[in-house]
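Listed below, chain by chain, are the residues.
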Amino acid sequence: DISAFTVQLCCVTDFPRDFFPVILPGYDRNSSQAVGRLGEEAAWRILSKKSKDNTLRNLKPFNTDGGAWSIIWVNEEAESGRPFDLICTHPIAGSVYVEVKATSSSNKSNFEISTAEIMKAKGAEQDSSYQYVIIRAYNI
């Protein structure tokens, strides 16, 4: 069994309109690749901003005192093929690996998950040095 919890990371009204990424030339706005990339970038921007303004620590599993979170988008330049999209590291809390699952829908709750992603999540249950989180991004 993999444990789960839900936390609302943000609402679109929490940030100015120009805060969120826009589709880049060469991407089809309706392609799953474009939606996924935009979702990853939105999650990276939100986590980075919350880290900088010290509000990230208010969210599970980032709730820790002392030290600052570092947020790295591993697919920023190109798709890495890793079973996560972001690595969040903290000097005390360790690492949180984040997989972003984006959709253009406002209510589609199901998503695909790879065997590698399941294995990484299962590994987090057995290895206390890191956690694995899936962020669901809607309305991308």
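In the block above lies the structure referred to throughout.
Thresholds applied
- Residues numbered from 1 in each chain as written.
- Predicted model: local features only at pLDDT ≥ 70, side-chain atom pairs only at ≥ 80, totals over all residues.
- Heavy atoms only, no water.
- Core = buried A, V, L, I, M, F, W, Y, C linked by side-chain atoms within 4.5 Å.
- Buried < 20%, exposed > 50% of the residue type's maximum accessible area, 1.4 Å probe, protein only.
- Helix = DSSP H or I, 4+ residues; strand = E, 2+ residues; numbered from the N terminus.
- Contact = heavy atoms within 4.5 Å.
- Salt bridge = Lys/Arg side-chain N within 4 Å of Asp/Glu carboxyl O.
- Pairing = 2+ DSSP bridges.
- Axes fitted to C-alpha atoms, helices over the stretch in contact; angles between N-to-C directions.
- Right-handed = clockwise from strand over helix to strand, strands pointing away.

## A few points about the nonpolar core
The nonpolar side chains of a soluble globular protein tend to be buried, and buried together. Of all hydrophobic cores here, the largest spans 19 residues; its most connected members are Leu47, Phe62, Cys88 and Val98. Elements represented by at least two residues in this core include exactly helix H1 (32-52), strand S1 (70-73), strand S2 (86-90), strand S3 (94-102) and strand S4 (130-137). The element best represented in this core is H1, accounting for four residues. Ignoring any residue separated from it by four or fewer positions in sequence, one finds Val98 in contact with Leu47, Phe84, Asp85, Leu86, Cys88, Val133 and Ile135. One finds Phe84, Tyr97, Ala124 and Tyr132 within the second-largest nonpolar core, a separate group that totals eight residues.

## A closer look at the pattern of salt bridges
Any two side chains of opposite charge can pair, given that their charged atoms come close. A complete count under the given rule lists five salt bridges for this structure. Note that Glu41 is salt-bridged to Arg45, the shortest N-O span being 2.7 Å. You can see Glu41 and its partner Arg45 sitting in helix H1, four residues apart, about one turn around the helix. For Arg45, a relative accessible area of 25% corresponds to the partly exposed category. Where Lys122 meets Glu125, a salt bridge forms, and the shortest distance between an N and an O atom there is 3.6 Å. Here Lys122 and its partner Glu125 are both found in helix H2 (residues 115-126), three residues apart, which amounts to about one turn of the helix. Lys122 gets classed as partly exposed once you look at its relative accessible area, which sits at 28%. Ionic contacts of the salt-bridge type, sharing partners, join the residues Glu99, Lys101 and Glu117 into one network.

## Describing the environment of Ala78
Residue placement: Ala78 occurs in the loop between S1 and S2. Here Ala78 falls in the partly exposed class, since its relative accessible area comes to 48%.

## Remarks on the sheet that holds S3
What the four strands build is an open sheet, ordered S1-S2-S3-S4; its pairing is mixed. One side of each edge strand has no neighbouring strand; the edge strands of this open sheet are S1 and S4. On average, adjacent strands in this sheet sit at an angle of 20 degrees to one another, irrespective of strand direction. Relative to S4, S3 runs parallel, the two sharing eight bridges. Across the sheet, residue Val100 finds its bridge partner in S4, namely Ile135. Sheet contacts for H1: S1, S2, S3 and S4; angle to S1, the most-contacted strand, approximately 165 degrees.

## A word on unusual backbone geometry
Excluding glycine, a negative phi dihedral is what most residues carry, and trans is how most peptide bonds are arranged. Even without a glycine there, the phi angle at Asn54 is positive, about 65 degrees. Summarising the element assignment, Asn54 is placed in the loop between H1 and S1. Residue Asn54 is classed as partly exposed on the basis of its relative accessible area of 43%.

## Some details on the pairing of S3
Consecutive residues of a regular strand have side chains that alternate between opposite faces of the sheet. Within S3, seven of the nine residues are buried, which leaves the element mostly enclosed by the surrounding structure. Sheet analysis places S2 next to S3, joined by five bridges and oriented antiparallel. Bridging from a neighbouring strand, Leu86 pairs with Val98 of S3. In this structure, the hairpin formed by S2 and S3 is closed by a connection of three residues. Where the polypeptide runs from S3 across H2 and back to S4, its parallel neighbour, the crossover connection is right-handed.

Just distances and angles here, no functional claims.
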